[in-house]
There are 2 protein chains.
Amino acid sequence: MAYPITFFTISTDVVLFSIRNERLEVLLVKRQGEIWKLPGGSLAVNEDLDASALRHLHEQAGLRGVYLEQLYTFGQPDRTPKNRIISVAYYALVPLQQLCLCGSSTDEKPCWFTMDNTLPASPDHSEIIAMAHRRLAAKLSYSTIALQFMPKRFTLSALQSVYEIILGETLDKRNFRKRVLSMGCIETTGEFSREGNHRPARLYRVKNPGKVEFIK
Amino acid sequence: MAYPITFFTISTDVVLFSIRNERLEVLLVKRQGEIWKLPGGSLAVNEDLDASALRHLHEQAGLRGVYLEQLYTFGQPDRTPKNRIISVAYYALVPLQQLCLCGSSTDEKPCWFTMDNTLPASPDHSEIIAMAHRRLAAKLSYSTIALQFMPKRFTLSALQSVYEIILGETLDKRNFRKRVLSMGCIETTGEFSREGNHRPARLYRVKNPGKVEFIK
DNA sequence: GCAAAAGTGTTCGAGATACACCCATGA
DNA sequence: TCATGGGTGTATCTCGAACACTTTTGC
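The rules we used
- Residues numbered from 1 in each chain as written.
- Chains lettered and ligands numbered in written order.
- Predicted model: local features only at pLDDT ≥ 70, side-chain atom pairs only at ≥ 80, totals over all residues.
- Heavy atoms only, no water.
- Near = heavy atom within 4 Å.
- Polar contact = N/O pair within 3.5 Å; in protein donor to acceptor, adjacent residues only side chain to side chain.
- Helix = DSSP H or I, 4+ residues; strand = E, 2+ residues; numbered from the N terminus.
- Nonpolar A, V, L, I, M, F, W, Y, C, P; charged D, E, K, R; others polar.
- Core = buried A, V, L, I, M, F, W, Y, C linked by side-chain atoms within 4.5 Å.
- Buried < 20%, exposed > 50% of the residue type's maximum accessible area, 1.4 Å probe, protein only.
- Contact = heavy atoms within 4.5 Å.
- Buried area = accessible area lost by both parts, 1.4 Å probe.
- Least-squares fit on C-alpha atoms with pLDDT ≥ 70 in both.
- Expected span 1.5 Å × (residues − 1).
- 1 Å grid on protein atoms, 1.4 Å probe; cavity = no way out; pocket = protein on both sides within 12 Å on 5 of 7 lines; lining within 4 Å.
- Points joined across faces, edges and corners; volume = space filled by probe spheres on them.
- Phe/Tyr/Trp six-rings, centres within 6.5 Å; stacked < 30°, edge-to-face > 60°.

Caption draft 1: A look at the protein's contact with DNA strand D. Taken together, 21 residues lie near DNA strand D, and Arg199(A), Lys173(B), Asn197(B), His198(B) and Arg202(B) sit nearest. Backbone polar atom of Asn197(B) to a base oxygen of DNA strand D: 2.8 Å apart, as the coordinates give it. Elements that contribute at least two residues to the surface near DNA strand D include exactly α4 (173-182) of chain A together with α4 (173-182) of chain B. Sort the elements by how many residues they give to the surface near DNA strand D and α4(B) lands first, with four residues. When the residues that make up the surface near DNA strand D are grouped by side-chain class, the tally is three nonpolar, seven polar and eleven charged.

Caption draft 2: Broad picture of the nonpolar core. Membership of the largest hydrophobic core comes to 43 residues, with the highest contact counts inside it found for Val15(A), Phe17(A), Phe149(A), Leu159(A) and Ile186(A). The contact partners of Val15(A), leaving out residues within four places of it in the chain, are Val26(A), Leu38(A), Tyr90(A), Tyr91(A), Ala92(A), Ile128(A), Ile129(A) and Ala132(A). Listed in part, the 42 residues of the second largest apolar core include Val26(B), Leu119(B), Met131(B) and Leu140(B).

Caption draft 3: Just the interface of chain A and chain B, in detail. On the chain B side, the residues contacting the 28 residues of chain A number 28 residues. Carbon and sulfur atoms supply 58% of the area that chain A and chain B bury against each other, a total of about 2600 Å² over both sides. Put simply, the parts of the chain that give the side of chain A that touches chain B at least two residues each are β1 (9-20), α1 (49-61), β4 (67-74) and β5 (85-93) of chain A. Split by residue class, the side of chain A that touches chain B holds 14 nonpolar, eight polar and six charged.

Caption draft 4: Structural context of unusual backbone geometry. Despite not being glycine, Arg194(A) has its phi angle at roughly 55°, a positive value. On the secondary structure map, Arg194(A) appears in the loop between β7 (186-192) and β8 (202-206).

Caption draft 5: How the structure looks around the relation of the copies chain A and chain B. The operation relating chain A to chain B is a screw motion whose rotation component is 180°, with 0.0 Å of axial translation and a residual RMSD of 0.1 Å. In symmetry terms, the pair is related by a two-fold rotation axis. Take the interface residues of chain A: 100% of them recur as interface residues in chain B, which is what a same-surface contact looks like.

Caption draft 6: Representation of the protein's contact with DNA strand C within the structure. Around DNA strand C there are 21 residues in total, and Ser157(A), Lys173(A), Lys178(A), Arg202(A) and Asn175(B) lie nearest to it. When atoms of DNA strand C within 4 Å of the protein are sorted by moiety, sugar and phosphate together comprise 43%. One of the side-chain nitrogen or oxygen atoms of Arg177(A) is found 3.2 Å away from a phosphate oxygen of DNA strand C. Here a phosphate oxygen of DNA strand C and a backbone polar atom of Arg202(A) are 2.6 Å apart. Contributions of two or more residues to the surface near DNA strand C are made by α4 of chain A together with α4 of chain B.

Caption draft 7: Quick peek at the environment of Leu68(B). All names here are of chain B. Within the secondary structure, Leu 68 is located in strand β4 (residues 67-74). As for Leu 68 and Ile 186, which are separated by 118 residues in sequence, their C-alpha atoms are 21 Å apart. Ignoring any residue separated from it by four or fewer positions in sequence, one finds Leu 68 in contact with Val 14, Asp 50, Ala 53, Leu 54, Tyr 90, Tyr 91 and Ala 92.

Caption draft 8: Molecular detail of helix α2 (residues 123-142) of chain A. Between its first and last C-alpha, α2(A) extends 30 Å over 20 residues, near the 28 Å set by a 1.5 Å rise per residue. Of the positions making up α2(A), those classed as buried are Asp124(A), His125(A), Ile128(A), Ile129(A), Met131(A), Ala132(A), Leu136(A), Lys139(A) and Leu140(A).

Caption draft 9: Here's a closer look at empty space enclosed by the protein. Residue and element names in this part refer to chain A. This structure, assessed with the given rule, holds three cavities of 30 Å³ or more. The volume enclosed by the largest cavity comes to roughly 50 Å³. The wall of the largest cavity is formed by Thr 144, Leu 147, Gln 148, Cys 185, Val 206, Lys 207, Asn 208, Pro 209, Lys 211 and Glu 213. Here the lining of the largest cavity is composed, by residue class, of four nonpolar, three polar and three charged.

Caption draft 10: Geometry of the packing of aromatic side chains. Residue and element names in this part refer to chain A. Counted under the stated rule, the structure contains eight aromatic pairs over all chains. Where Tyr 72 meets Phe 74, the ring centres are 5.2 Å apart and the plane angle is 65°; that geometry is what we call edge-to-face. A relative accessible area of 2% means that Phe 74 is categorised as buried. With 5.3 Å between their ring centres and 70° between their planes, Tyr 163 and Phe 176 make a pair best called edge-to-face. On the criterion of sequence distance, the pair formed by Tyr 163 in helix α3 (residues 156-167) and Phe 176 in helix α4 is long-range, its members being 13 residues apart. Judged by its relative accessible area of 5%, Tyr 163 is buried.

Caption draft 11: Expanded view of helix α1 (residues 49-61) of chain B. Taking 1.5 Å per residue, 13 residues should reach 18 Å; α1(B) reaches 18 Å between its end C-alpha atoms and fits that length. Immediately downstream of α1(B), the backbone of Gly62(B) shows phi near 70°, a positive value.

Shape is all these values report; function is a separate question.
Here is the structure:
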């Protein structure tokens, strides 16, 4: 072998998205005296990459069973200030309700931030977040990934709102309903929402909750 | 830190595609006494991931200036027989002509194989190749990536042939030309091909050779 | 009865699809 | 003159885009 084998530190980092307060938000964590960063950390011996991302998400934000997908691997030698770290980045989506950040088993403090230019993350993590945002927006148009943001039962208006928030534009109600129902991925529950002074809304559920399908 | 920091071996591996003999082919290399594998190998100290992939491609297949894109990072602990290796996989495309496999500076023997179920690669590399193939086929429909297979000047029939080979279906000549010309990514050179006993074909060139654009 | 969101169909235009014949050349 | 691939236009269809009013409820 012409080159010596060298060894590297690997971390898995997760851009966790949710919809809160009519905005797309991302979760950052902070340890005492440190800056805000993405949930994530070292890959362990004999640990699968996906498992590592899920473990850090659980340890640092108390979350389980989230939808997770690999994003990209970042490895520029100078991307982190001190030692070189290869980061296998993921992005994940959680429904609007499932936001109990209670279960953090370490001293990390998790907190949600609105996706805009004021995110207090370091440059290397900002780069990851930006790519995750682009990927998410792109994937809306050719998959059913948006359903991962929905709770067990939801109204079509709520689903439309999710699309509008991520795409940053308003959609036509009738066209949206036609399109989303023709996908065949959601079904009526028979129940109604009944809140506010207006007509109750039909509640829908996802047919295959964990599954993201390609469409069109 | 609750978990000790551990160190890993990282390799970059490249699925290099080209069109040869009216087929989609992939390059594998073999060292004396070993099995066929993807070009690639250890990441070096202070070496960028992309640079590592390009370096191995140059060392093992004598190629430079190819179109390269990160595919996925594979890290299951048991994916390689002996020691665990994290593989950052890439895929790359080279034009039909640029196939001088002369410049290999190591003792690897590069060879082209038709993309089918008889590829002599190990299971872990076969998994990478399969994913690269899916990605390539998907990307045909929403980008100009196919142009990376074309030489400096080419006929529309040759380009259509590339699409047909990757998609595995025949296309209508008139509709294909309308679509590909309306993209605005290629232009006529004014020259003609003049080979075979038939009418000479107009030669085209790519407007922005290195650039893969999204379409539609 | 009024405010507020739910729910519902039709028309129109653009872009994709299907399809067949003449052209230029070499042998 | 024949074989071979190069080159071209139109009719049709499908899918997405635009668009407004009625319904049900709480107050």
